[in-house]
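Observations on the three-dimensional arrangement
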Amino acid sequence: SNVLHLRGHAIVAGVDGLRILNNEIAGLPQKGSSGGVVLETGLNKSGIGHCWSTGNRISTMQGAGIAVRTALGSALIKQNIIERTLQGIVFEAAGSAVHLSIENNQLLHIAADFNPQGGSVVAIQILRARRVDFVGNIVTGFAANAVQALDRVAIRVVGGGAIRISGNHLSDLGPIQAHLGYVAGIELVVPFTLTNIADNSITRTPVGDVIGSAWIAIRVVQPTAAAAARVKHGYAGAALLVAEKGA
């Protein structure tokens, strides 16, 4: 357990049998990107065999709370609180997993003040997971001011095998004012083998005057090169290209 208040990445690791437990991480104001927990390729170029990231509190980072930049064998991401970061839990272009469990995490006010012009905003993005269980998580107050982004997606899963998304509460998603593009609670980008989406609560906002716009609770789409090309920043471009090559 550590208490880290810093600029730059807080924890960067790439070893097998990794346990990242009960840390308090807070980012200080800075220019450029920073991550709370960054999983990268280490001496073993095949990636990380086993990984646990549980019980961490991560806030105010200028990047992802948890970023995955390598292949994971078996990974458990559980009981973390991630608040006011630019992204929550994000697999980047080199990220993948064989067995992945993301359970009982709270993602609060992710990308709350982020408004990229023509970009993509995500709270959670998973790439190429052979088996993923996404259960009992909370995402609330997401992308409230991202009116110029082309899309805002609370949970995006790109490619993979068996996908289970169950018992999650997604609320206060996207701006209440007029905005470009669309907002989606759950977005699946094919190909995948099978999926089970059940017992999720997905709402835009419970209060206030909401302007009509493209707001979708569950979206299943084919990857397109045009969608990837239009995203110059963020993660959606890389994700869509990965899915397209694997189709």
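See the structure above.
This write-up is about the structure you can find in this document.

Scoring rules and cut-offs
- Residues numbered from 1 in each chain as written.
- Predicted model: local features only at pLDDT ≥ 70, side-chain atom pairs only at ≥ 80, totals over all residues.
- Heavy atoms only, no water.
- Pairing = 2+ DSSP bridges.
- Helix = DSSP H or I, 4+ residues; strand = E, 2+ residues; numbered from the N terminus.
- Salt bridge = Lys/Arg side-chain N within 4 Å of Asp/Glu carboxyl O.
- Buried < 20%, exposed > 50% of the residue type's maximum accessible area, 1.4 Å probe, protein only.
- 1 Å grid on protein atoms, 1.4 Å probe; cavity = no way out; pocket = protein on both sides within 12 Å on 5 of 7 lines; lining within 4 Å.
- Points joined across faces, edges and corners; volume = space filled by probe spheres on them.
- Nonpolar A, V, L, I, M, F, W, Y, C, P; charged D, E, K, R; others polar.
- Core = buried A, V, L, I, M, F, W, Y, C linked by side-chain atoms within 4.5 Å.
- Contact = heavy atoms within 4.5 Å.
- Phe/Tyr/Trp six-rings, centres within 6.5 Å; stacked < 30°, edge-to-face > 60°.
- Lys NZ or Arg CZ within 6 Å of the ring centre and 35° of its normal.

1. Things to note about the sheet that holds strand 7 (residues 57–59)
- Pairing in this open sheet of eight strands is parallel, and the strands run 1-4-7-10-13-15-17-20 from one edge to the other. Unpaired on one side and paired on the other, strand 1 (3–6) and strand 20 (201–202) mark the two borders of the sheet.
- Pairing analysis gives four bridges linking strand 15 (residues 138–142) to strand 17 (residues 169–173), with the strands arranged parallel. By the bridge assignment for strand 17, Thr 140 is matched with Ser 171.

2. Some words on the pattern of salt bridges
- Scanning the model with the defined rule gives nine salt bridges in all.
- Note that Arg 69 is salt-bridged to Glu 92, the shortest N-O span being 3.3 Å. Remark: Glu 92 occurs in the loop between strand 11 (87–91) and strand 12 (96–103) and Arg 69 occurs in the loop between strand 8 (64–68) and strand 9 (71–78); sequence separation between them is 23 residues.
- Judged by relative accessible area, Glu 92 falls into the buried class, the value being 16%.
- The partner of Arg 156 in a salt bridge is Glu 187, and the shortest N-O contact between them spans 2.7 Å. You can see Arg 156 sitting in strand 16 (residues 151–166) and its partner Glu 187 sitting in strand 18 (residues 182–189), a full 31 residues away along the chain. The same class applies to Arg 156 as to Glu 187, namely buried.

3. Regarding empty space enclosed by the protein
- A complete count under the given rule lists one cavity of 30 Å³ or more for this structure.
- In this structure, the largest cavity spans a volume of roughly 30 Å³.
- Lining the largest cavity are eleven residues; nearest its centre among them are Ser 34, Gly 35, Ala 64, Ala 67 and Arg 69.
- The residue makeup of the lining of the largest cavity, split by class, is four nonpolar, five polar and two charged.

4. Some words on the side chain of Ser 34
- By the element assignment, Ser 34 lies in the loop between strand 4 (24–27) and strand 5 (37–39).
- Ser 34 sits in the buried class, given a relative accessible area of 2%.

5. Some remarks on the nonpolar core
- Leu 39, Leu 100, Ile 124, Ile 126, Val 139 and Phe 142 are the most contacted members of the largest nonpolar core, which has 54 residues in total.
- A total of eight residues in this core trace back to one element, the largest contributor, which is strand 14 (residues 120–135).
- Residue contacts for Val 139: discarding those within four places in its chain leaves Leu 107, Ala 123, Ile 124, Ala 154, His 169, Leu 170, Ser 171 and Leu 173.
- Grouped together as the second largest cluster of nonpolar side chains are seven residues, Ala 64, Val 90, Tyr 182 and Ala 184 included.

6. Remarks on unusual backbone geometry
- Look at the link from Val 190 to Pro 191: it is a cis peptide, with omega at 15°.
- Unlike most non-glycine residues, Arg 84 shows phi in positive territory, near 55°.
- In this structure, Ala 143 takes a positive phi of about 55° despite not being glycine.

7. Looking at the packing of aromatic side chains
- Taken as a whole and judged by the stated rule, the model has zero aromatic pairs.
- Taking NZ or CZ as reference, Arg 19 lies 4.1 Å from the ring centre of Trp 52, over its face.

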